[in-house]
Amino acid sequence: MNTNPIIALDLSSKVEVIEFLEQFNEKLFVKVGMELYYQEGPAIIQTIKEMGHDIFLDLKLHDIPNTVKSAMKGLAKLGVNLVNVHAAGGSQMMQAAMEGLIEGTPVGQERPALIAVTQLTSTTEEQMQKEQNILTSLDASVINYAVLAKEAGLDGVVCSVLEAKGIEEACGKTFFKVTPGIRLAGGESHDQKRVATPDFAKSEGSTQIVVGRAITKAENPVEAYHTVQQLWGGNA
Ligand SMILES: O=C(O)c1cc(=O)[nH]c(=O)n1[C@@H]1O[C@H](COP(=O)(O)O)[C@@H](O)[C@H]1O
């Protein structure tokens, strides 16, 4: 998979997306999440594909297995590179998601990679224990979800950089560790709790990094992207 930093296009309209992407002269890997997809619908995927970029469609599906399978079957037709579910939906749901993707991918087209969100990077260990009543360490919960995802046949997980090494030990080097919560040194964390710099992500074994506001809200997004890219360097 493309190892360029994944830019989170947390924008709310097609006009903003085009304006943002037109600043760049290179092939990018971008993430379309709920904000954009729910306002612009599947047509936004076609628009971005026509501009030549790779796409992570981040809709974090979490429902009963049958519903997730059918939804994935539909998403598979969009021709994106990466999609995700919540590991908390359980192993049957994750297996169903993969079945839907396989069934829905048109002949001759590559199946999108499928990853599972473990514990959101906006969650602290204290919150997890109090609010989710998961009475173990955050690390242990993330690794438990990663192993569950691997056993269900998924290609990897979303986690923070802080858990990437442990997941590499448990699930192997080629299992994707896609890590959001990326900030440049001294940058504001916003709502993220488990944050790290691009260079630390590389040293901890992240296979992809997801970067939103540090690029999209920068005074010069192209310059910020290249700074992130240089520090990250890829883990291929
Ligand atoms: O699945 C994700 O992409 C995701 C999982 C997670 O645990 N944490 C997380 O921040 N994300 C996404 O990654 C992006 C991070 O954005 P910034 O905090 O602006 O860099 C957002 O679009 C989130 O929806």
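Here the residue index of a chain counts from 1 through its sequence in written order. Restriction of local features to residues with pLDDT of at least 70 applies here, the model being predicted, together with a cutoff of 80 or more for giving and counting side-chain atom pairs; totals for whole chains, interfaces and linings are based on all residues.

**Some details on the overall build of the protein chain**
Stated formally: For the purposes of this entry, the term helix denotes a DSSP run of H or I that reaches at least four residues, the term strand denotes a run of E that reaches at least two, and both are numbered from the N terminus. In this treatment the radius of gyration is a C-alpha quantity, and the globule benchmark scales as 2.2 Å times the residue count to the 0.38 power. For the purpose of contact definition, each residue receives a C-beta atom placed from its backbone, and two residues are in contact when these atoms lie within 7 Å.
When you go through the protein chain residue by residue, the secondary structure sums to 11 helices and 8 strands. Scaling as 2.2 N^0.38, a compact globule of 236 residues should have a C-alpha radius of gyration of about 18 Å, and the protein chain matches this with 17 Å. Based on the C-alpha atoms only, the size of the protein chain along its principal axes is roughly 45 × 45 × 30 Å. Relative to all contacts within the protein chain whose residues are 6 or more apart in sequence, the contacts with residues 24 or more apart total 67%.

**With respect to the site of the ligand**
Defined as follows: For each residue, a C-beta atom is placed from the backbone, and the residue counts as near a molecule or strand when that atom lies within 6 Å of it. Only Asp, Glu, Lys and Arg are considered charged, only Ala, Val, Leu, Ile, Met, Phe, Trp, Tyr, Cys and Pro nonpolar, and every remaining residue, Gly among them, polar.
The full set close to the ligand counts 20 residues, and Ala 8, Thr 121, Pro 180, Gly 212 and Arg 213 are the nearest of them. Breaking the shell around the ligand down by element, the ones donating at least two residues are β3 (54-61), β8 (208-211) and α10 (213-216). Class assignment for the residues of the shell around the ligand results in 9 nonpolar, 7 polar and 4 charged.

**Some thoughts on the sheet that holds β8**
Worth spelling out the cut-off: Any two strands with at least two DSSP-identified bridges between them are counted as paired. Lines are fitted to the C-alpha atoms to define the axes, a helix being fitted only along its stretch in contact, and any angle between axes, read from their N-to-C directions, falls within 0 to 180 degrees.
What the 8 strands build is a closed barrel, ordered β1-β2-β3-β4-β5-β6-β7-β8; its pairing is parallel. Within this sheet the neighbouring strands show an average axis-to-axis angle of 25°, counted without direction. Taken together, the 2 bridges between strand β1 (residues 6-8) and β8 define a ladder with parallel strand orientation. Residue pairing in the sheet places Ile 6 in a bridge with Val 210 of β8.

**Comments concerning the UniProt feature "active site" (unreviewed entry) in the protein chain**
Heads up, the condition is: UniProt positions are given in the numbering used here, feature names are shortened, and annotations may be inferred rather than shown by experiment. Field definition: a residue is buried when 20 or more other C-beta atoms are found within 10 Å of its C-beta, exposed when 12 or fewer are, and partly exposed for counts in between, with C-beta atoms placed from the backbone.
UniProt annotation of "active site" (unreviewed entry) refers to Lys 60 when read in the numbering used here. Relative to the elements of secondary structure, Lys 60 occurs in strand β3. Residue class for Lys 60 comes out partly exposed when judged on the 15 C-beta atoms lying within 10 Å of it. The residues touching Lys 60, leaving out its near neighbours within four places in the chain, are Asn 84, Val 85, His 86 and Val 117.

**As for the packing of helix α4 (residues 65-76) against helix α5 (residues 91-104)**
Here is the rule we go by: Oblique is the label for any angle not under 35 degrees, not over 145, and not in the 65 to 115 range, which are roughly parallel, roughly antiparallel and roughly perpendicular in turn. If you view the pair so one helix is near and one far, a crossing is left-handed when the near helix is turned anticlockwise from the far one by less than a right angle, and right-handed when it is turned clockwise.
Viewed as axis vectors pointing N to C, α4 and α5 meet at an angle of 30°, and their least axial separation amounts to 7 Å. The pairing of α4 with α5 is recorded here as roughly parallel in orientation. Seen from above, α4 lies across α5 with right-handed handedness. Residues Pro 65, Asn 66, Val 68, Lys 69, Ser 70, Ala 71, Met 72, Lys 73, Gly 74 and Ala 76 of α4 touch α5, and the partners they reach there are Gln 92, Met 93, Ala 96, Ala 97, Glu 99, Gly 100, Leu 101, Glu 103 and Gly 104. The class makeup of the residues in the contact of α4 with α5 is 9 nonpolar, 6 polar and 4 charged.

**Section: helix α7 (residues 138-151)**
Which entries qualify depends on this criterion: By this rule the span expected of a helix is its residue count minus one, scaled by 1.5 Å.
Taking 1.5 Å per residue, 14 residues should reach 20 Å; α7 reaches 20 Å between its end C-alpha atoms and fits that length. The set of residues buried in α7 consists of Leu 138, Ser 141, Val 142, Ile 143, Tyr 145, Ala 146 and Ala 149.

**Some details on the environment of Asn 220**
On the secondary structure map, Asn 220 appears in the loop between α10 and α11 (221-232). It is 9.6 Å that separates the C-alpha atoms of Asn 220 and Gln 23, two residues lying 197 residues apart in sequence.

**Points about the pairing of strand β4 (residues 82-86)**
Both faces of the sheet carry side chains from a regular strand, because those side chains alternate between them. Quick note on the threshold: By the criterion used throughout, a crossover qualifies as right-handed when its path from the first strand across the helix to the second strand runs clockwise, the strands pointing away from the viewer.
In terms of burial, β4 is a largely internal element, 4 of the 5 residues being buried. Here 3 bridges tie β3 to β4, and the two strands are oriented parallel to one another. Across the sheet, Leu 57 pairs through a bridge with Val 83, a residue of β4. In this fold, β3 hands off to α4, which returns the chain to β4; that crossover is right-handed. With 5 bridges connecting them, β4 and strand β5 (residues 113-117) associate as parallel partners. Note that in β5 the partner of Val 83 across the bridge is Leu 114. The parallel pair β4 and β5, bridged by α5, forms a crossover whose chirality is right-handed.

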